[in-house]
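# Close look at the chain arrangement
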Amino acid sequence: SWGFLCVGSACGSCRGIEFVQAWATDGVDVPRCWRLPRFLRGIVPSFMLLVFTTFPEAGLARETAALLLQEGLAACVTLLPAGESHYIWEGRLEVASEVPVIIKTTEEAYDQLEVRLRALHPYRVPELVAVPVSRGSAPYLEWVRQACRR
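First, a word on what this report is: a plain description of the structure on this page.

Thresholds, definitions, all that
Residues numbered from 1 in each chain as written. Predicted model: local features only at pLDDT ≥ 70, side-chain atom pairs only at ≥ 80, totals over all residues. Heavy atoms only, no water. Core = buried A, V, L, I, M, F, W, Y, C linked by side-chain atoms within 4.5 Å. Buried < 20%, exposed > 50% of the residue type's maximum accessible area, 1.4 Å probe, protein only. Contact = heavy atoms within 4.5 Å. Axes fitted to C-alpha atoms, helices over the stretch in contact; angles between N-to-C directions. Helix = DSSP H or I, 4+ residues; strand = E, 2+ residues; numbered from the N terminus. Parallel < 35°, antiparallel > 145°, perpendicular 65-115°, else oblique. Left-handed = near helix turned anticlockwise from the far one by under 90°. Nonpolar A, V, L, I, M, F, W, Y, C, P; charged D, E, K, R; others polar. Pairing = 2+ DSSP bridges. Phe/Tyr/Trp six-rings, centres within 6.5 Å; stacked < 30°, edge-to-face > 60°.

## Some remarks on the nonpolar core
With 16 residues, the main nonpolar core has Leu68, Val101, Ile103, Leu113 and Leu117 as its most contacted residues. Residue contacts for Val101: discarding those within four places in its chain leaves Val51, Phe52, Thr53, Phe55, Ala61, Val77, Thr78 and Leu79. In this structure, Met48, Val133, Val144 and Ala147 belong to the second largest nonpolar core, which totals nine residues.

Below you can see the structure in the form of structure tokens.
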């Protein structure tokens, strides 16, 4: 199968909006670019995901981050300062202090990441929202791909 990603001027002749570089997901690079039809620009699927979740406290978020990284399910896990979440749960208004977490991973690793997060997470229904990355620095995106293949 193939993954697609806009990598800017990878071929040296594009400006990052008209071309994508493709590679086989088995790691074999294909050194060529294709011109995208105008209607596809900006909606090319990417292999990288940003996964958003929250934890009730920073210590548990740190422990979970370490496990995800050690198991090759994430390339990077960013813990943000605690914030106040307001939501309806089982018919009641709730307010809780939560630590927002952003996990950088790949489509390929996501299913295992979700299973692992559900097993480690203290919430019965944890927030797990994955957002595809449409553009980014080619070296960084390649690092994410490699880090999640261990």
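## Description of the packing of helix H1 (residues 58-70) against helix H2 (residues 107-120)
Viewed as axis vectors pointing N to C, H1 and H2 meet at an angle of 150°, and their least axial separation amounts to 11 Å. Relative to H2, the element H1 lies roughly antiparallel. For the pair H1 and H2, the crossing hand works out as right-handed. In this structure, H1 uses Thr64, Leu67 and Leu68 to contact H2, whose residues at the interface are Leu113, Arg116, Leu117 and Leu120. Grouping the amino acids of the contact of H1 with H2 by side-chain chemistry returns five nonpolar, one polar and one charged.

## Considerations on the pairing of strand E4 (residues 48-55)
Remark: a regular strand shows side chains that alternate across the two faces of the sheet. The buried fraction of E4 amounts to six of the eight residues, a majority that puts the element mostly inside the structure. Two elements, E4 and strand E8 (residues 129-132), share four bridges in a ladder whose sense is antiparallel. Looking at E8, one finds that Leu50 is bridged to Val131.

## Details of the packing of aromatic side chains
This model, assessed by the stated rule, comprises one aromatic pair. For the pair Tyr140 and Trp143, a centre-to-centre distance of 5.5 Å together with 45° between the ring planes defines the contact as tilted. Here Tyr140 and its partner Trp143 are both found in helix H3 (residues 138-147), three residues apart, which amounts to about one turn of the helix. Residue class for Tyr140 comes out partly exposed when judged on its relative accessible area of 34%. Its relative accessible area of 40% is what places Trp143 among the partly exposed residues.

By themselves, these are just geometric observations and shouldn't be taken as functional.
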